[in-house]
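Commentary on secondary and tertiary structure
Now for the letters of each chain:
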Amino acid sequence: MAPWVPAFTSSITRESDHLKFIYFSFANIDANGLPHVRNVVFRNFLFDDKSTNVLVFVTDGRMQKFNQLLNNDKFEACFYFHHSRRQFRFNGFAKIIDLKNQIYPNVAVLSHDNIKLDSKSNNKNIHKNAINNNNINNNNNNNNNNNSDSDINKNTIKNDNIDSKINPPFVYLLYSPSVPSVPPTIDEWKKEHLQRWENLSLKLKSSFNKPFPRSSLTNEKRKLLDSISRGVDGNDINDGYNDNFKVICLFINEVDYLNEENERRVIYTRLNFDQWQEEEVCP
């Protein structure tokens, strides 16, 4: 677990005593380098496990941010907790879970023998031993069955668009929520997607049937919006998930934590794998 997680989760708990939903600002850039920011709802940690250090929110695949993240996965997010007077700014890369198009977080496989948790280790050699596996989604389950205690494949998320101030290799250790020390299976990615869908309210589920976001508002679309708001649009929202529904996973590289109560500010920077550097700075 990352060193910033306890302060973050305690802030979430305190804020949840007063608010039904925790909103945060999520920013990314488009293909032209222009920034876009919007408020989204925090949907817990990946697999509901805070030790993953991965934050989750959901979106409509027709929204601009979906295609923008497919093109450039860099992001910055900001949480401000009024009741604890704490601010958390995160940056890193966002990965998508999309059942319709069978998109799952891109992974690389590292041999257990080649993983060195020393931040001063030879990064080039580790990069060389990282195998880009674009077809892992098709054979992940088979790989899991072949793992042994002496030869364990550790699942990592790899991003090539790395900020130079983050020490390479830019990989993220990630384990199955059910079997320690093995990668998540495709079925587990699917389960995560479906669980996030099931956790939504009926009203929010119905919103995925609305007309294409930012399209011109015609009389026909007005009627559709009205019928959706009244629940008479003819779509059964309990009949499986909507194809427009997507899950966004935020893999964190750096955290700028500010506690206004004690005027303390700390920068947490992720180094190799799950090692973090902590530096206290002026508020």
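Basis of the calculations
Residues numbered from 1 in each chain as written. Predicted model: local features only at pLDDT ≥ 70, side-chain atom pairs only at ≥ 80, totals over all residues. Heavy atoms only, no water. Buried < 20%, exposed > 50% of the residue type's maximum accessible area, 1.4 Å probe, protein only. Helix = DSSP H or I, 4+ residues; strand = E, 2+ residues; numbered from the N terminus. Contact = heavy atoms within 4.5 Å. Pairing = 2+ DSSP bridges. Salt bridge = Lys/Arg side-chain N within 4 Å of Asp/Glu carboxyl O. Phe/Tyr/Trp six-rings, centres within 6.5 Å; stacked < 30°, edge-to-face > 60°. 1 Å grid on protein atoms, 1.4 Å probe; cavity = no way out; pocket = protein on both sides within 12 Å on 5 of 7 lines; lining within 4 Å. Points joined across faces, edges and corners; volume = space filled by probe spheres on them. Nonpolar A, V, L, I, M, F, W, Y, C, P; charged D, E, K, R; others polar.

If you check which residues of helix H2 (residues 64–71) are buried, you get Lys65, Phe66, Gln68 and Leu69. Where H2 is buried, its residues touch strand S1 (23–29), strand S2 (35–41), strand S3 (54–60), strand S4 (74–81), strand S5 (86–97) and strand S10 (245–259).

Here we take up the pairing of S5. For S5, a buried count of nine out of 12 residues is recorded, marking the element as mostly surrounded by other parts of the structure. Strand direction decides the pairing type here: S4 and S5, joined by eight bridges, are antiparallel. Looking at S5, one finds that phenylalanine 81 is bridged to arginine 86. In this antiparallel pair of consecutive strands, S4 and S5, the connection spans four residues, and arginine 85 shows a positive phi of 55°. In this structure, S5 lies alongside S10, joined through 12 bridges in antiparallel fashion. By the bridge assignment for S10, phenylalanine 88 is matched with tyrosine 257.

For the rest of this paragraph, the subject is unusual backbone geometry. In this structure, asparagine 44 is a non-glycine residue whose phi angle is positive, near 90°. Structurally, the position occupied by asparagine 44 is in the loop between S2 and S3. Exposure remark for asparagine 44: the relative accessible area of 30% places this residue in the partly exposed category. Positive phi, close to 55°, is recorded for aspartate 48, a residue that is not glycine. In this fold, aspartate 48 is placed in the loop between S2 and S3.

So, on to the pattern of salt bridges. Taken as a whole and judged by the stated rule, the model has 13 salt bridges. Note that aspartate 60 is salt-bridged to arginine 62, the shortest N-O span being 2.8 Å. Through salt bridges with shared partners, a single ionic network connects Glu76, Arg89, Asp256 and Arg265.

Bringing the packing of aromatic side chains into the picture now. Per the counting criterion, the structure on display carries 25 aromatic pairs. When the ring of tryptophan 197 is compared with that of phenylalanine 245, the centres are 5.2 Å apart and the planes differ by 65°; the resulting orientation is edge-to-face. Of this pair, tryptophan 197 sits in helix H5 (residues 186–198) while phenylalanine 245 is found in strand S10, placing the two residues 48 residues apart along the sequence. In this pair, the class of tryptophan 197 matches that of phenylalanine 245, namely buried.

So, about the layout of surface pockets. By volume, the largest pocket amounts to about 530 Å³. The wall of the largest pocket is formed by 23 residues, among which Val58, Met63, Leu204, Ser207 and Phe208 lie closest to the centre. Counting residues per element, the ones that place at least two in the lining of the largest pocket are S2 and S3. Taken together, the residues of the lining of the largest pocket break down into 12 nonpolar, five polar and six charged.

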